[in-house]
Amino acid sequence: MTFPALRMLKYPAVLFAAALSAGIPPPAAAADYPDRPIRMYLPYGPGGIGDLTARVVTQKVSEILGQQIVIDNKPSAGGVQSFQAGLQAPADGYTLVQGGNGTAITQTLVKDLPYSIVDDFTQVATLSRFNLILTVKPDSRFHNLKELIAYAKANPGKLSLGTTNVGSSQHLGAELFKSVAGIKAETIPYKTSAALLTGVRSGDIDVGFDFVPPMLSSIKSGAVRALAISADSRNANLPDVPTTAESGLDGYVVASWNGVSIRQGTPRAIIDKLNQAFVAAVNSPEVAQKLREMNSEPYALGVDESRALMKADIAKWKAVIEKANIPIN
């Protein structure tokens, strides 16, 4: 045995104290976790789909962990306030922050962001997702995506694409569509999904880009017609709507997703325990059913997969923002 090894055996108490002073908890800490309520900050107000998703999932997670998860809404531009609050909390597993693809976009779209979702946080799990869907008015000249793209190529700049606010996932999804399809078209941002829907129905725009939840009832009622869904597979609520790949446009998938992050430095054993609880909750029959009733798809990934998704989305949307010359706030 080497001399350093002998010293380690000789002074275990000193090493243990040093580990604690460095913020490293003893291995048994994860076994006792959690022993008090956990707080989760949300970067938006109550009532939206992100808020409802968090409440549905965390109710089940609270049952699994035996401790309540308290929701704390902190709406702000780019979700900055919620992530700042999460960054100021100890890295002990008792403070979570909800974010997702919007958080990935913010990393590029907001100048001088006071935190990094990758360097200051790590991802715990994903909860749900819903995909972008392309809609037209019922009597539109475009009967499928191939016809729309063919028209755009034959008439550069004449096709109009409606989205929500500049820098939103919907807006960037439309910009990505132009790039992948190889077309030139005008992008027209609306302030709300309701205003966008009105623009589609009236024919003020040729095609609308929005996510499934705000468009589903209008599609089912026939107020608008869906051309394609930007997903890997068809939506269970819209089985007759083909995917973009089925419509001849490969490489175009746009999804909005919700996930949970935690401060860097939190022990991996605690992160793994949290992930197991979130995955079990999302995959439970009752939670999965409630998510589907909100027109959202249950989407549970492991710790490393969740982090890889966040990094991939940051790179994906950074490239779109830079190519489209979208102004940085």
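Here, every reference points to the structure presented above.
The rules behind these values
Every chain begins its residue count from 1, and numbering advances along the sequence as written. Only residues with pLDDT of at least 70 get local features here, since the model is predicted, and only at 80 or more are side-chain atom pairs given and counted; chain-wide, interface and lining totals rely on the full set of residues. The side-chain numbers reported here are obtained from all heavy atoms of the structure, hydrogens and water having been left aside. The helix and strand labels rest on DSSP assignments: H or I over at least four residues marks a helix, E over at least two residues marks a strand, and numbering proceeds from the N terminus. Only protein chains enter the area calculation, which uses a 1.4 Å probe; residues under 20% of their type maximum are buried, those over 50% are exposed, and those in between are partly exposed. Pairs of residues are marked as contacts when any of their non-hydrogen atoms sit within 4.5 Å. For the charge count, each Lys or Arg is scored as positive and each Asp or Glu as negative, with His and the chain ends excluded. To locate a charge, take NZ of a lysine, CZ of an arginine, CG of an aspartate or CD of a glutamate. Between 30 and 60 degrees the pair is tilted, below 30 it is stacked and above 60 it is edge-to-face, where a pair is any two Phe, Tyr or Trp rings, Trp via its six-membered ring, whose centres lie within 6.5 Å. Charge-over-ring placement is defined geometrically: NZ (Lys) or CZ (Arg) within 6 Å of the ring centre, and within 35 degrees of the ring normal. Side-chain atoms within 4.5 Å are what join buried Ala, Val, Leu, Ile, Met, Phe, Trp, Tyr and Cys residues into a set we call a nonpolar core.

**A closer look at the overall build of the protein chain**
For the protein chain, the count of helices and strands is 13 helices and 10 strands. With respect to the three principal axes, the spread of C-alpha positions in the protein chain is 80 × 40 × 35 Å. Of all 329 residues assigned to the protein chain, the portion counted as buried reaches 51%. A separation threshold of at least 6 residues defines the contact pool for the protein chain, and within that pool the share at least 24 residues apart is 76%. Charged side chains in the protein chain number 31 positive and 28 negative. The centres of these two groups are separated by 3 Å.

**Examining the side chain of histidine 171**
Relative to the helices and strands, histidine 171 resides in helix α8 (residues 169-181). Residue class for histidine 171 comes out buried when judged on its relative accessible area of 5%. When near neighbours in sequence (up to four residues on either side) are disregarded, histidine 171 contacts Thr163, Thr164, Asn165, Val166, Thr187 and Ile326.

**With respect to helix α10 (residues 212-221)**
Taken residue by residue, α10 has Val212, Met215, Leu216, Ser218 and Ile219 as its buried positions. Turning to α10, the residues buried within the fold contact β4 (121-136), α9 (193-202), β7 (207-211) and β8 (225-230).

**Description of unusual backbone geometry**
The omega torsion across tyrosine 33 and proline 34 is -5°, close enough to zero to call that bond cis. Mapped onto the secondary structure, proline 34 falls in the loop between α3 (29-32) and β1 (38-42). The phi dihedral of aspartate 112 falls on the positive side, at around 55°, and the residue is not glycine. Positionally, aspartate 112 belongs in the loop between α6 (101-109) and β4.

**Brief notes about the packing of aromatic side chains**
Scanning the entire structure with this criterion turns up 8 aromatic pairs. For the pair phenylalanine 177 and tyrosine 252, a centre-to-centre distance of 5.5 Å together with 70° between the ring planes defines the contact as edge-to-face. Taken together, the residues phenylalanine 177 in helix α8 and tyrosine 252 in the loop between β8 and β9 (255-263) connect sequence positions 75 residues apart. Aromatic ring contacts, followed pair by pair, group Phe83, Tyr115 and Phe121 into a single cluster. Cation over ring: arginine 36 sits above tyrosine 94, and NZ or CZ is 3.6 Å from the ring centre.

**Here we look at the nonpolar core**
Ranked by internal contacts, the top residues of the largest apolar core, which has 33 residues, are Leu148, Leu159, Phe177 and Phe209. For this core, the secondary structure elements donating two or more residues are α6, β4, α7 (145-154), α8, β7, β8 and α13 (303-324). Among all residues touching leucine 159, those that are not within four sequence positions of it are Phe142, Leu148, Tyr151, Ala152, Ile183, Ala185, Glu186 and Asp206. Formed by 30 residues, the second largest nonpolar core is a distinct cluster that contains Val61, Leu65, Val282 and Val303.

Limitation: the analysis is restricted to geometry and does not speak to function.
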